[in-house]
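Geometric and topological summary
Chain by chain, the residues:
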Amino acid sequence: MPKSTEIRESRKATLIGKTAGWLMRMLCATLRFEFVDRCGLGKKENFPKPVIYCLWHNRIFTVPAAWKKVCGGHRKAVVLTSASHDGAMLARAVGVFGIGSVRGSSSRRGVAALVALRKALREGVDICLTPDGPRGPRYVLQAGAVKLAEASGAAMIPIHVEFSSAWKLKSWDRFHVPKPFSKVRVIFDEALAVPEKLSESEFEEWRLRIESILRAGVEDFTEEA
């Protein structure tokens, strides 16, 4: 199998991922969550069909726990992770919260991942995407998320996460980890319906619109140069 299409997995990645997942769960148990459900996702009847969640890569730490509290009792979800060892660890970590995974990304196994995501949607499973991952640029929405929404007809729900106090790691995205006992506000924003058969200019308008909505939910976008 060519290296560019290889899914990487190891016992070490599995162990680290599961351990990270349980540490995330323990830390999240100390947090003071506030949930803002603008789209009504918490009620099953509002979205009988699967949806696409969209959030920036550096905000994902608390989202599995938030999703589980708001709608984990009546919805299923998978998250797109990269085909690398880092992706394997993330897949195992979110698995602790009952969330599945699809391995692949825009840089590895992109076509195969898109096929698997569309299959998950057809089977009634929600999709979670971090459209500036796995390598950035930070806060730049890649086209894949819009393509998936356009092709599937699934509603897209932007997710914003606000931290009262958090560590920012020295990674490409300055990954945010909330400090214990701090307050975290998670906003499930109003659902977006991306039309089918968009022209090139219409597609770019939608990409910029979704990117703008997600950027409006972060406090450090102005740091981008």
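Please refer to the structure placed before this passage.
Some remarks on the overall build of the protein
If you tally the helices and strands in the protein, you get 6 helices and 9 strands. In terms of C-alpha radius of gyration, the protein reaches 17 Å, essentially the compact-globule figure of 17 Å for 225 residues. With respect to the principal axes defined by its C-alpha atoms, the protein has extents near 45 × 45 × 40 Å. Looking at the protein as a whole, 49% of its 225 residues are labelled buried. When the 36 basic and 24 acidic side-chain charges of the protein are each reduced to a single mean position, those positions are 9 Å apart.

Details of the nonpolar core
With 37 residues, the main nonpolar core has Phe 33, Leu 41, Tyr 53, Ile 157, Ile 159, Val 186 and Phe 188 as its most contacted residues. At the level of elements, α1 (11-28), β2 (51-54), α2 (63-71), β3 (77-81), α3 (85-95), β6 (155-163) and β9 (183-188) are the ones that each hand at least two residues to this core. Looking at this core, the element that brings in the most residues is α2, giving 6 residues. Discounting chain neighbours no more than four positions away, the residues touching Phe 33 are Cys 28, Thr 62, Ala 65, Ala 66, Lys 69, Val 184 and Val 186. In terms of nonpolar packing, the next biggest core, distinct from the first, is built from 28 residues, Ala 113, Leu 117, Ala 120 and Leu 198 among them.

With respect to the packing of aromatic side chains
Think of a pair of aromatic rings as described by two things: how far the centres are apart, and how the planes are tilted against each other in angle. A full pass over the atoms with the stated rule returns 3 aromatic pairs. Geometrically, the ring pair formed by Trp 56 and Tyr 139 is tilted, given 5.5 Å between the ring centres and 55 degrees between the ring planes. Of the two residues, Trp 56 is situated in the loop between β2 and α2 and Tyr 139 in the loop between β5 (126-129) and α5 (143-152); the sequence distance between them amounts to 83 residues. Under the relative-accessibility criterion, Trp 56 is labelled buried at 2%. Taking relative accessible area as the criterion, Tyr 139 reaches 0% and is therefore assigned buried. Put simply, the rings of Trp 56, Tyr 139 and Phe 221 touch in pairs and so form one group of aromatic residues.

Let's talk about the sheet that holds strand β1 (residues 32-37)
What the 7 strands build is an open sheet, ordered β1-β9-β6-β2-β5-β3-β4; its pairing is mixed. Each edge of the open sheet is held by one strand with a lone partner, namely β1 and β4 (100-103). Pairs of neighbouring strands in the sheet enclose a mean axial angle of 25 degrees, with direction left out of account. Strand direction decides the pairing type here: β3 and β5, joined by 3 bridges, are parallel.

Section: the pattern of salt bridges
As enumerated under the stated definition, the model contains 13 salt bridges in all. One salt bridge in this structure joins Glu 123 and Lys 119, with 2.6 Å as the shortest N-O distance. For Lys 119, a relative accessible area of 43% corresponds to the partly exposed category. Here Arg 185 makes a salt bridge to Glu 162, at a shortest N to O gap of 3.4 Å. Of the two residues, Arg 185 sits in strand β9 while Glu 162 sits in strand β6, which places them 23 residues apart along the sequence. Taken together, the salt bridges that share partners define one network made up of Arg 59, Arg 138, Lys 168, Glu 219 and Asp 220.

With respect to α3
Residues spaced three or four apart along an α-helix face the same direction, because each turn holds 3.6 residues. If you check which residues of α3 are buried, you get Gly 87, Ala 88, Ala 91, Ala 93 and Val 94. The inward-facing, buried residues of α3 abut α1, α2, β3 and β4.

What about the pairing of β3?
The element β3 is extensively covered by neighbouring structure, given that 4 of its 5 residues are classed as buried. With 4 bridges joining them, β3 and β4 adopt parallel strand pairing. Paired with Val 79 across the bridge in β4 is Ser 101. In this region the chain leaves β3, passes through α3 and returns to the parallel neighbour β4; the handedness of that crossover is right-handed.

Criteria and cut-off values
- Residues numbered from 1 in each chain as written.
- Predicted model: local features only at pLDDT ≥ 70, side-chain atom pairs only at ≥ 80, totals over all residues.
- Heavy atoms only, no water.
- Helix = DSSP H or I, 4+ residues; strand = E, 2+ residues; numbered from the N terminus.
- Rg over C-alpha atoms; globule rule 2.2 N^0.38 Å.
- Buried < 20%, exposed > 50% of the residue type's maximum accessible area, 1.4 Å probe, protein only.
- Lys, Arg positive; Asp, Glu negative; His and termini not counted.
- Charge placed at Lys NZ, Arg CZ, Asp CG, Glu CD.
- Core = buried A, V, L, I, M, F, W, Y, C linked by side-chain atoms within 4.5 Å.
- Contact = heavy atoms within 4.5 Å.
- Phe/Tyr/Trp six-rings, centres within 6.5 Å; stacked < 30°, edge-to-face > 60°.
- Pairing = 2+ DSSP bridges.
- Axes fitted to C-alpha atoms, helices over the stretch in contact; angles between N-to-C directions.
- Salt bridge = Lys/Arg side-chain N within 4 Å of Asp/Glu carboxyl O.
- Right-handed = clockwise from strand over helix to strand, strands pointing away.

No statement about biological role is implied by the geometric values presented.
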